[in-house]
Amino acid sequence: MHEGKLLTFVKSLAMLLETDPNEELIFSQGRVLLENLIKVDDWLPPEFCKPHPQYYQQYLLYADPLDRFSVVSFVWGPGQKTPLHNHTVWGMVGQLRGQERSSNYCQQSDGSFKADGSVVCKPGQVATVSPQTHDIHMVENDLEDQISISIHVYGGNIGRIERAVFDPITGTEKLFISGYANTVTPNLWNTTVSPT
Ligand SMILES: [Fe+2]
């Protein structure tokens, strides 16, 4: 029987992490797995593509039972953006639909944050975050008239991890746990889901 793309992805990533969970390997081989997942936008069930009129949405698609990784669909309406935030674990962001801008920030000696370049992600492209190199950024929907959807993969259960948002001017840090917008996750073994 034909295997669904999301199942293929989580199986392959679990096997990779089982073999060798180092970040360099995840960002090379794991990135290829994510690129394959987002190459064709025909598999994400419509329930996990829904924007909210006010807030960007985070739908959990899969969480590893041992908390080694999670896969989340982020859905942005026009004009929506995150506050400045960190992750504390490695992350890969694969653009599925629309377009996003990720702006990196560096903390100065006075505590404030300074913009340090931005990256625009188009469908099929993958960006990364890492506590070892660049963990603090702000993400926004880069298109004024379309929703944007990206598939995020993190080195932990991102909705349950305590992390921080920052005031870019004062540098004040506020801890938060994001949770998820959904109460049920996709059936990875259902191969009859049609695209929206
Ligand atoms: Fe982020």
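Located above this text is the structure these notes cover.
Treat the numbers as computed from the prediction; the structure is a model and nothing was measured.

A four-donor tetrahedral metal ideally has 109.5 degree angles, and a six-donor octahedral metal ideally has angles of 90 or 180 degrees. Those protein atoms acting as donors to the iron ion are His85 (NE2), His87 (NE2) and His137 (NE2), and they sit at 2.1 to 2.2 Å. Binding-site remark: the iron ion is held by donors from one chain whose sequence spacing is H-x1-H-x49-H. For the pair His85 and His87, a shared accessibility class is recorded, and that class is buried.

Mapping Ser148 onto the fold places it in strand E9 (residues 148–154). Residue classification places Ser148 among the buried residues on the basis of a relative accessible area of 0%. Here the side chain of Ser148 touches Gln95 through a polar contact of 2.9 Å, side chain to side chain. Residue contacts for Ser148: discarding those within four places in its chain leaves Phe74, Val75, Trp76, Gln95, Arg97, Gly98, Gln99, Glu100 and Asn141.

What follows covers the pairing of strand E5 (residues 100–107). Of the strand pairs in this sheet, E5 and strand E6 (residues 113–121) are connected by seven bridges, and their pairing is antiparallel. Its bridge partner being in E6, Tyr105 is matched across the sheet by Ala115. With five bridges joining them, E5 and strand E8 (residues 137–141) adopt antiparallel strand pairing. Looking at the pairing, Ser102 lines up with Val139 of E8.

Most of E9 is tucked away, with seven of its seven residues classed as buried. By the alternation rule, side chains of E9 split into Ser148, Ser150, His152 and Tyr154 and Ile149, Ile151 and Val153, which are all buried. The pairing of strand E2 (residues 70–76) with E9 spans seven bridges and is antiparallel. Its bridge partner being in E9, Val75 is matched across the sheet by Ile149. In this sheet, E9 lies alongside strand E4 (residues 91–97) in antiparallel orientation, the contact comprising six bridges. Pairing of Arg97 across the sheet is with Ile149, part of E9.

About the criteria used
- Residues numbered from 1 in each chain as written.
- Predicted model: local features only at pLDDT ≥ 70, side-chain atom pairs only at ≥ 80, totals over all residues.
- Heavy atoms only, no water.
- Donors = N, O, S within 2.8 Å, 3.2 Å for Na, K, Ca; no water.
- Buried < 20%, exposed > 50% of the residue type's maximum accessible area, 1.4 Å probe, protein only.
- Helix = DSSP H or I, 4+ residues; strand = E, 2+ residues; numbered from the N terminus.
- Polar contact = N/O pair within 3.5 Å; in protein donor to acceptor, adjacent residues only side chain to side chain.
- Contact = heavy atoms within 4.5 Å.
- Pairing = 2+ DSSP bridges.

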